[in-house]
Amino acid sequence: MKKKENIKIVVVLPAFNAYKTLKKTIDDIPEGFVDEIICVDDGSTDGTYDLAKDLNLIVYKHESNRGYGANQKTCYDKALERGADIIVMLHPDYQYDPKLVSYFVSYISDGYFDIMLGSRIRSRKEVTGNGMPLYKYLGNRFLTRFENFFTGLKLSEYHTGYRAYSRKVLENINYHANSDDFIFDQEFLVQAVYFNYKIGEIPVPVRYFPDASSINFSRSVKYGLGTLSLILKFFLKKINMSGDKRFLKKNMKQKICSNNV
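Residues numbered from 1 in each chain as written. Predicted model: local features only at pLDDT ≥ 70, side-chain atom pairs only at ≥ 80, totals over all residues. Heavy atoms only, no water.

### Some thoughts on the environment of Asn 17
Then, in step 1: Along the chain, Asn 17 falls in the loop between β1 (9–15) and α1 (19–27).
Then, in step 2: Taking the C-alpha atoms as reference, Asn 17 lies 5.5 Å from Asp 46; in sequence the two are 29 residues apart.
Then, in step 3: Discounting residues that sit within four places of it in the chain, Asn 17 has contacts with Ser 44, Thr 45, Asp 46 and Thr 48.
Then, in step 4: A polar contact is formed between the side chain of Asn 17 and the backbone nitrogen of Thr 45, at a distance of 2.8 Å. (Helix = DSSP H or I, 4+ residues; strand = E, 2+ residues; numbered from the N terminus. Contact = heavy atoms within 4.5 Å. Polar contact = N/O pair within 3.5 Å; in protein donor to acceptor, adjacent residues only side chain to side chain.)

Now the structure itself:
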């Protein structure tokens, strides 16, 4: 698949202790299709930063672990600063297939969607057979149905870590108002729904293995409860019963702040 001229494509890698899987991830990104690869090391202790430099990536480092959401904030800030038109967020743990980057980009560059998601959910047998714990699968299904009901969408999954965004989405959504933790991804999607951005998805095969990142049961419960709370706040905002700053566009928030100075 050929990339369109005059469109800068940047892959961002929010990395934490990804030394064992980073090179495999980079090796599978389609050669010549991506203009830049940015790796943000979130205080890793396993040599991730040095390896990323050796692989000639554009590397930024948090001196301490600030969290998955904070990592993405830096990823997107740096991608925008460097003039990216389409930004693909890919976990460097080799769980998702990097070869599909070109498909994500094409749906955005051709104007079909503003955001693309990679859905892991094609069948219960396939997902659990590839190693997703049953409790995570059931939680994923429950939360996705809950989110679809309140957003009016029919997505097969909201909880994927493989996503692509057009520049205008990142320029307008106030993602710095979001959490520094794992709930960041859900906040971003709900913001996108609120502002009526077009969201598409394609199926992606995934791998579950010891070196792939994963949150434990207790953090999964916290994440699930946070998602439920977020959707209820989204609903209240839709019926004008909430002033949540996450649902202000970035430029609107800046204008309000300047008027208050």
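### Quick notes on the packing of aromatic side chains
Then, in step 1: If you walk through the whole model with that rule in mind, you get 19 aromatic pairs.
Then, in step 2: Ring centres of Tyr 194 and Phe 195 lie 5.1 Å apart, and the angle between their planes is 85°; this geometry places the pair in the edge-to-face category.
Then, in step 3: The class of Phe 195 is buried, set by a relative accessible area of 16%.
Then, in step 4: Through a chain of ring-to-ring contacts, the aromatic side chains of Tyr 76, Tyr 165, Tyr 175, Phe 184 and Phe 188 assemble into a single cluster. (Phe/Tyr/Trp six-rings, centres within 6.5 Å; stacked < 30°, edge-to-face > 60°. Buried < 20%, exposed > 50% of the residue type's maximum accessible area, 1.4 Å probe, protein only.)

### Description of the sheet that holds strand β6 (residues 163–166)
Then, in step 1: Across the sheet, which stays open at both edges, the 7 strands sit in the order β3-β2-β1-β4-β6-β5-β7 with mixed pairing between neighbours. Each edge of the sheet is formed by a strand with only one pairing partner; in this case those strands are β3 (58–62) and β7 (199–203). Pairs of neighbouring strands in the sheet enclose a mean axial angle of 20°, with direction left out of account.
Then, in step 2: In the packing of helix α4 (residues 101–109) onto the sheet, contacts are made with β1, β4 (86–89), β5 (115–119), β6 and β7, and the angle to β5 comes to roughly 150°. (Pairing = 2+ DSSP bridges. Axes fitted to C-alpha atoms, helices over the stretch in contact; angles between N-to-C directions.)

### Re the nonpolar core
Within soluble globular proteins, side chains that are nonpolar tend to cluster in buried spots.
Then, in step 1: Counting residues in each nonpolar core, the largest one holds 35 residues, and the members touching the most others are Val 12 and Tyr 76.
Then, in step 2: If you tally residues by element for this core, the top one is helix α8 (residues 184–194), at 6 residues.
Then, in step 3: If near-sequence neighbours (up to four positions away) are discounted, Val 12 is found in contact with Ile 38, Cys 75, Tyr 76, Ala 79, Ile 87, Val 88, Met 89 and Leu 90.
Then, in step 4: One finds Ala 15, Ile 29, Phe 33 and Ile 108 within the second-largest nonpolar core, a separate group that totals 32 residues. (Core = buried A, V, L, I, M, F, W, Y, C linked by side-chain atoms within 4.5 Å.)

### A word on α8
Along an α-helix, residues three or four apart share an orientation, since each turn contains 3.6 residues.
Then, in step 1: For α8, a buried count of 10 out of 11 residues is recorded, marking the element as mostly surrounded by other parts of the structure.
Then, in step 2: Looking one or two places after α8, you find Asn 196, whose phi comes out positive at around 65°.

### Overview of the pairing of strand β2 (residues 36–42)
Then, in step 1: β2 sits mainly inside the fold: 7 of its 7 residues count as buried.
Then, in step 2: Going residue by residue along β2, you find Glu 36, Ile 38, Val 40 and Asp 42 tucked away on one face and Ile 37, Cys 39 and Asp 41 tucked away on the opposite face as well.
Then, in step 3: Judged from the 6 bridges that link them, β1 and β2 form a sheet pairing that is parallel. Residue pairing across strands places Pro 14 opposite Val 40, the latter belonging to β2.
Then, in step 4: One crossover worth recording links β1 to the parallel β2 by way of α1, and it is right-handed.
Then, in step 5: Of the strand pairs in this sheet, β2 and β3 are connected by 5 bridges, and their pairing is parallel. Bridge pairing in β3 places Cys 39 opposite Val 59.
Then, in step 6: Handedness of the crossover joining β2 and β3 through helix α2 (residues 48–54): right-handed. (Right-handed = clockwise from strand over helix to strand, strands pointing away.)

### Quick notes on α1
Then, in step 1: Looking only at α1, the buried set comprises Thr 21, Leu 22, Thr 25 and Ile 26. Buried residues along α1 cover an arc of 135° about the axis, so they all sit on one side.
Then, in step 2: As for α1, its buried residues are in contact with β1, β2 and α2. (Arc of directions from axis to C-beta.)

### Focus: the pairing of β4
Then, in step 1: Going residue by residue along β4, you find Ile 86 and Val 88 tucked away on one face and Ile 87 and Met 89 tucked away on the opposite face as well.
Then, in step 2: Inspection of the sheet shows β1 paired to β4 by 4 bridges, in the parallel sense. Note that in β4 the partner of Ile 9 across the bridge is Ile 86.

### Section: the side chain of His 91
Then, in step 1: Turning to its location among the elements, His 91 is positioned in the loop between β4 and α4.
Then, in step 2: Looking at His 91, the relative accessible area reads 14%, which means it is buried.
Then, in step 3: Within the structure, the side chain of His 91 is placed 2.8 Å from the side chain of Tyr 68, a separation counted as a polar contact.
Then, in step 4: If we ignore the near neighbours within four places in the chain, the residues touching His 91 are Pro 14, Thr 25, Tyr 68, Tyr 96 and Gly 161.

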